[in-house]
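# Inside the fold
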Amino acid sequence: MSTTPQQPPIGKIEQKGIVDLLAKGLRIDERKLTDYRDLKIEIGLVQKANGSAMVNLGKTKVMTGIKIELGKPFPDTPNQGVLAVNAEFVPFASPAFEPGPPSEGAIELARVVDRGIRESKAIGLEALCVEPKKQVVIVFVDVYVLDHDGNLIDAAAISALAALLTSKMSRYEMDGEEVRTSDELVPLPIHNEPVAVTTAKIDGNMILDPCLEEELVMSSRLTVTTGRDGSICAMQKGGLGTFTDQEIRQAVKTAIEKGKEIRETIRGATAGR
Amino acid sequence: MNKPEVKLVDENGVRLDGRKLDELRPIKMDVGVLDKADGSAYIEQGKNRIIAAVYGPREAHPKHIALADRAVIKCRYHMAPFSVEERKSPAPSRRELELSKVIRESLETSIMSEVYPRTSIDIFIEILQSDGGSRCAGITAASLALADAGVPLKEIVAACAVCKIDGKIALDPSDIEDKQGDADLPIAFMPKSGVITLLQMDGSLTEEEFNQALDIGIAACKKINEIQVEALKRKYISVKEQAEERHEPQEAKA
Amino acid sequence: MTIFAEKKQLVAPGEVLAEGSYFPGENTYREGNKVYASRIGLAELVANKLIVVPLKGCYTPRVDDFVIGRVVDIAMSGWNVDISSPYPALLPLSETPASRAMAARKDLTLIFNVGDLVMAEVIAFDRTRDPLLTVRGRGLGKVSSGRVAHVSPAKIPRLIGRKGSMISLLKKATSCEIIVGQNGTVLVSGRQPKNEQVAAAAMYMIEREAHTRGLTDRVSEMMNRELR
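Residues numbered from 1 in each chain as written. Chains lettered and ligands numbered in written order. Predicted model: local features only at pLDDT ≥ 70, side-chain atom pairs only at ≥ 80, totals over all residues.

## Digging into the overall build of chain B
- Helix and strand content of chain B: four helices and nine strands.
- Across chain B, helices and strands are ordered from the amino to the carboxyl terminus as β-β-β-β-α-β-α-β-β-α-β-β-α.
- Taken against the 2.2 N^0.38 rule, which gives 18 Å for 254 residues, the C-alpha radius of gyration of chain B at 20 Å falls within 12% of a compact globule.
- Counting only C-alpha atoms, chain B reaches 70 × 60 × 35 Å along its principal axes.
- Counting every position in chain B, which comprises 254 residues, the buried fraction comes to 55%.
- A separation of at least 24 residues holds for 70% of the contacts in chain B among residues at least 6 apart in sequence. (Helix = DSSP H or I, 4+ residues; strand = E, 2+ residues; numbered from the N terminus. Rg over C-alpha atoms; globule rule 2.2 N^0.38 Å. Buried ≥ 20, exposed ≤ 12 C-beta atoms within 10 Å, placed from the backbone. Contact = placed C-beta atoms within 7 Å.)

What follows is the structure, given as C-alpha cells:
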C-alpha cells in the first residue's frame, strides 16, 4: 500500500529562502533554472561486471553495473533477449533510507529507467536470441544509488546508459545442441541513447535537475525521457502537486533540447570503449 | 517468430471494436455499492470491471505514520488473480506498487487533507477484470468513492488514457491496443482547476503527437467528469424522486 | 455577485456555488473569485455565507456536544471511548462524579468497563489533541438499557429537526424515550419492542431521505400506519 511520506526535514525559513530566490530567477547553488549540476561519468570501475558506470551529478552518486547471462526467454517473446532493470537505494545513501525490500521510490525509479531503455529500443533484443524459445541473453541492469542529493532518476538513467554503452559480452553461438561461449568479447547491440530529463515545479517555477533541498520543497516533478531523434519514449509525473498542460508542453520541449546536450556528454565519456 | 500482430485501425479509421479514433468505450458508473466501506464506486469501462472503496477519515495505523497537520492518504491498487488471461499471483507486483504510488499522488492533490489532521484516509482499488486503461478507470472510480465517503475534495478527478495505434493517436485503449500499440499515455485531470494530477507515458511519440494526445486526453477527462458527477448525484436524486412521488398522491387527495 | 446554485440544490465537490464576495462557509472553499463546494450536499445561503449541508461525512467532535460512546480500553487514569469519530476520545477519571471517583481509584472497572455504553459531553477538542469527555452532568453516565441505532452524523440535524420538531414527533408517535448523540449514536427505549422498532425505522427513513421535501409528513404517516 502506498502511504503519504513523512514531512520533509526542511525548515520553513529554508523553504522560503528557496522560493524567494526562485521568484528572482535564482537558485540556491547559483545555477540557472535550466542548468544541470556538474556531470562526471567514470567507466569500468567494476571489472567483474560486464559493464559499469559511476555517475556524479553534483553530489548525487549513482552507479550501475551490468551483468549479462544466458537464460530462458519470456513466453510471449520467445525470440528476444531479456532486459531486467533493478534499483537499490543503498541505506547509506541517505539518512532517510532504510535496509529492506525496495521502497516504492526505488521501484518507480527502476521502472522509469527500464521504460526509457525498453521503449527507445536502445538494446537490440532480437539480436540477443541464441536458441529460439530456449536460450537468450539476459541483460541485468542494476542501479545502485550511493549518495542522494536529488534527481536520482536522471542520474540513474545516465549511469545505466553509460554502463550499457561500454558493456562487453562473450559471443554466444549454437554448436549443434550446445551453446558455445567464445572468449571473444563483443559490445552489446545498442541502437539508441535514451536520456531522462526531470523538471521540478516549485511555487510555479520550473527548474531542471533539482538538488535535494529543491526536491524537498518542490510540489511535483515531471521526467521526460527522449531518444536520439528527439522522440519521447517515457514520461513520469511524481509528487503531490499538479501541472497545467502549458507547463507540461514546456517541460517536454526543454527535455528534448536538454536531452541532446546530455547525450553528447555521455557519448564523449563513453567513446571508444 | 513472435505472434503475428493484428491491424488495429482500418482504412476508414475504425478500430477493432468498431470505435472511431476519438471515441471512449462505453462507461457505466455506480456509487455507494458497498455496505461497510465509508464510500465506494463501481466502474465498467470497456471490459474493465473495477471497484474502488474508501475508509476514512479514521485513526491512522500504525500511529507513527500520522501527520500532525493533515490526513495521511493510503492507496492500494491491486489486480485480482482472475482479472487477466493468465492467472496473476495475488502478491503485489512491482507494477502494482508503482501504480499504487502514482494513483495515490494523483488523488491526494484533490483531497483537502488539512481538514482532518492525524487521521488516515484509505483508498482501495480492486481490478476485478482488466481491459486496458485500468489505472485510469481506477482513479475515476476512486475519486467517486472519496466523494461518496464525504471526504472534502477540491473537485473530482477524472482519468483517461490515450494511445497510438498503427501510427494514429486514439483515445481510451482496449487491452489489445494497449499491448500492441506504439504508445500509451495515461492522464488524470481536474477539470475545474484545469490541472493534471497524473501523467505517464511509454512507447514512442514525437513532440507533435504528444501535444495532440494531451489535448484529446484532457477533453476526454472533462467528459468523464460529467459522467462522474451524474453518477454521484443519481443515488440521491432517485431517492428524492421516489420519496416525493409517494407523497404526491397525498397532496392530490387533500 | 452571482449565485449559481439554487437553495437546497444538490451539489458535488468542485461545483461552483457563487462568484463574488461571498464568505465560504462549511464544506465550501474559495479559489480566486469563486466559491466551490467541497462535499456532496445541499447548498444554502445564510446571510452572506455559502454553506453546503453535507449528506455524508464522519463525526468531527465539537466542544459541548452530547455524545454516546463505547468504552474500548482502560487507560492510565481513565477510559478510551469510541465515539465513532476518526479521533478516539478519552474520559478521564477526574471527569466522573466525585464520590465514586475516590472509591474507584484502585480499579477503574468499578465505574466503567470495556463494552459499556456511556452518555457524555465533549469538553475539549482541537487540531492538536484527541477529544476529552466528561460524564459529570445531568443525564450523563452509563447506559443501562435500550436499543442502539447508528445514524450517519451528517443526518443528525435533520433527525432532531428545527427546534427539535422532528425528534419530538418520533417520541410522541412511538411513546419512546429517544436520546440522540451528536456523533450519530441514538438510544431508543420504549415499553414494547414494536414501538422501538418503528422508532428505528423512522430514523433510518429520515437518514435515507434527509434531502427530500415532505419528509415530516411521510415519516408521520409511516409511524401511524405501523402502530395502528
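## Considering the overall build of chain A
- A count of helical and extended segments in chain A gives five helices and 13 strands.
- For 273 residues, the compact-globule formula gives about 19 Å, and the C-alpha radius of gyration of chain A, at 20 Å, lands near that figure.
- Counting across all 273 residues of chain A, residues that qualify as buried make up 47%.
- Within chain A, residue pairs in contact and separated by at least 24 positions form 69% of the contacts whose partners lie at least 6 positions apart.

## A look at the nonpolar core
- Residues Val 143 and Ala 156 of chain A together with Ala 52, Ala 141 and Ile 187 of chain B are the most contacted members of the largest nonpolar core, which totals 165 residues.
- If you tally residues by element for this core, the top one is helix 3 (residues 152–165) of chain A, at 12 residues.
- Ignoring any residue separated from it by four or fewer positions in sequence, one finds Ile 187 of chain B in contact with Ala 159, Cys 160, Ala 161, Val 162, Ile 196, Leu 198, Leu 199, Gly 217, Ile 218 and Cys 221 of chain B.
- Grouped together as the second largest cluster of nonpolar side chains are 22 residues, Ala 149, Leu 159, Ala 199 and Val 219 of chain C included. (Core = buried A, V, L, I, M, F, W, Y, C linked by C-beta atoms within 7 Å.)

## Thoughts on the sheet that holds strand 3 (residues 48–59) of chain B
- With mixed pairing, six strands are arranged side by side in an open sheet as 1(A)-4(B)-5(B)-3(B)-2(B)-1(B). Looking at which strands have only one partner, the edges of the open sheet turn out to be strand 1 (2–3) of chain A together with strand 1 (27–31) of chain B.
- Note that strand 4 (residues 72–79) of chain B and strand 5 (residues 119–129) of chain B share eight bridges and pair parallel. Following the sheet pairing, Ile 73 of chain B is matched in strand 5 of chain B by Ile 121 of chain B.
- Packing against the sheet, helix 1 (residues 94–108) of chain B makes contact with strand 1 of chain A together with strand 4 and strand 5 of chain B, and its axis sits at approximately 135° to strand 4 of chain B.
- Contacts from helix 2 (residues 134–148) of chain B reach strand 1, strand 2 (39–45), strand 3, strand 4 and strand 5 of chain B within the one sheet, and its direction differs from that of strand 2 of chain B by about 150°. (Pairing = 2+ DSSP bridges. Axes fitted to C-alpha atoms, helices over the stretch in contact; angles between N-to-C directions.)

## Concerning helix 4 (residues 193–209) of chain C
- Compared with the 24 Å implied by 1.5 Å per residue over 17 residues, the 24 Å span of helix 4 of chain C between its first and last C-alpha is a close match.
- All of the buried residues along helix 4 of chain C are Glu 196, Val 198, Ala 199, Ala 200, Ala 202, Met 203, Ile 206 and Glu 209 of chain C. (Expected span 1.5 Å × (residues − 1).)

## Some details on the interface of chain A and chain B
- In this complex, chain A contributes 34 residues to the contact, which on the side of chain B involves 36 residues.
- Of all the secondary structure elements, the ones that give two or more residues to the side of chain A that touches chain B are strand 1, helix 2 (104–119), strand 13 (232–238) and helix 5 (245–270) of chain A.
- The element contributing the most residues to the side of chain A that touches chain B is strand 13 of chain A, with seven residues.
- The residue inventory of the side of chain A that touches chain B, partitioned by class, reads 12 nonpolar, 13 polar and nine charged. (Nonpolar A, V, L, I, M, F, W, Y, C, P; charged D, E, K, R; others polar.)

## Regarding the arrangement of the chains
- Where two pairs of chains are in contact, the pair with the most contacts is made of chains A and B.
- Between chain A and chain C there is no contact; the minimum C-alpha to C-alpha separation amounts to 16 Å.

## Thoughts on the environment of Leu 164 of chain A
Residues and elements named next belong to chain A.
- Tracing the backbone shows Leu 164 in helix 3.
- Judged by the 25 C-beta atoms lying within 10 Å of it, Leu 164 falls in the buried class.
- The sequence separation of Leu 164 and Phe 140 amounts to 24 residues, and the corresponding C-alpha distance is 10.0 Å.
- Look past the residues within four positions of Leu 164 in its chain and what remains in contact with it is Gly 51, Ile 66, Ala 122, Ile 123, Leu 188 and Ile 190.

## Observations concerning the interface of chain C and chain B
- Across the boundary between the two partners, chain C contributes 25 residues, which contact 30 residues of chain B.
- Secondary-structure elements contributing two or more residues to the side of chain C that touches chain B are helix 4 and helix 5 (215–226) of chain C.
- Class assignment of the residues belonging to the side of chain C that touches chain B gives a composition of 10 nonpolar, seven polar and eight charged.

## A word on the packing of helix 3 (residues 165–174) of chain C against helix 4 of chain C
Residue and element names in this part refer to chain C.
- Relative orientation of the contacting elements helix 3 and helix 4 amounts to 155°, with a least axis distance of 9 Å. It follows from the interaxial angle that helix 3 and helix 4 lie roughly antiparallel. You can see that helix 3 and helix 4 cross each other, and the crossing is right-handed. Mapping the contact onto sequence places Met 166, Leu 170 and Thr 174 in helix 3 and Asn 195, Val 198, Ala 199, Ala 202 and Ile 206 in helix 4.
- Residue composition of the contact of helix 3 with helix 4, by class: six nonpolar, two polar and no charged. (Parallel < 35°, antiparallel > 145°, perpendicular 65-115°, else oblique. Left-handed = near helix turned anticlockwise from the far one by under 90°.)

## Brief notes about the sheet that holds strand 7 (residues 168–171) of chain B
- Pairing in this open sheet of eight strands is antiparallel, and the strands run 11(A)-10(A)-12(A)-13(A)-9(B)-8(B)-6(B)-7(B) from one edge to the other. Single-partner strands in this sheet number two, and they are strand 11 (205–208) of chain A together with strand 7 of chain B. Pairwise comparison of adjacent strand axes, ignoring direction, gives a mean angle of 20° for this sheet.
- Of the pairings in the sheet, the one linking strand 10 (residues 195–202) of chain A to strand 12 (residues 220–226) of chain A comprises seven bridges and is antiparallel in character. The residue bridging Lys 201 of chain A from the neighbouring strand is Ser 220 of chain A, located in strand 12 of chain A.
- In this fold helix 3 of chain A packs onto strand 10 and strand 12 of chain A, with an angle of close to 170° to the strand it touches most, strand 10 of chain A.

## Points about the packing of helix 3 of chain A against helix 5 of chain A
All names here are of chain A.
- Following both chains from N to C, one finds helix 3 and helix 5 inclined at 40°, their axes separated by 10 Å at the closest point. Relative to helix 5, the element helix 3 lies oblique. The element helix 3 and its partner helix 5 pack so that their crossing is right-handed. On helix 5, the residues touching Ile 158, Leu 161, Ala 162 and Leu 165 of helix 3 are Ile 262, Ile 266, Ala 269 and Thr 270.

## Observations concerning the confidence of the model for chain B
Residue and element names in this part refer to chain B.
- Per-residue confidence for chain B gives a mean pLDDT of 93; residues scoring 70 or more make up 95%.
- Residue range residues 250–254 is modelled with pLDDT below 50. Its contacts to residues more than four positions away, or to other chains, number one contact.
- Reported for the predicted complex are a pTM of 0.94 and an ipTM of 0.93. (pLDDT = per-residue confidence, 0-100.)

## Examining the pairing of strand 3 (residues 16–19) of chain C
Residues and elements named next belong to chain C.
- The sheet contact formed by strand 1 (residues 2–3) and strand 3 spans two bridges and is antiparallel. The residue bridging Ile 3 from the neighbouring strand is Ala 18, located in strand 3.
- Relative to strand 6 (residues 34–37), strand 3 runs antiparallel, the two sharing three bridges. Each bridged residue has a counterpart across the sheet, and for Ala 18 the counterpart in strand 6 is Val 35.

## Some details on the environment of Ile 165 of chain B
Residue and element names in this part refer to chain B.
- For Ile 165, the location among the structural elements is in strand 6 (residues 158–165).
- Judged by the 23 C-beta atoms lying within 10 Å of it, Ile 165 is buried.
- Spatially, the C-alpha atoms of Ile 165 and Ala 220 are 18 Å apart, while their sequence positions differ by 55 residues.
- In this structure, Ile 165 is in contact with Leu 8, Val 9, Ala 170, Glu 177, Gly 181 and Asp 182, ignoring residues within four places of it in sequence.

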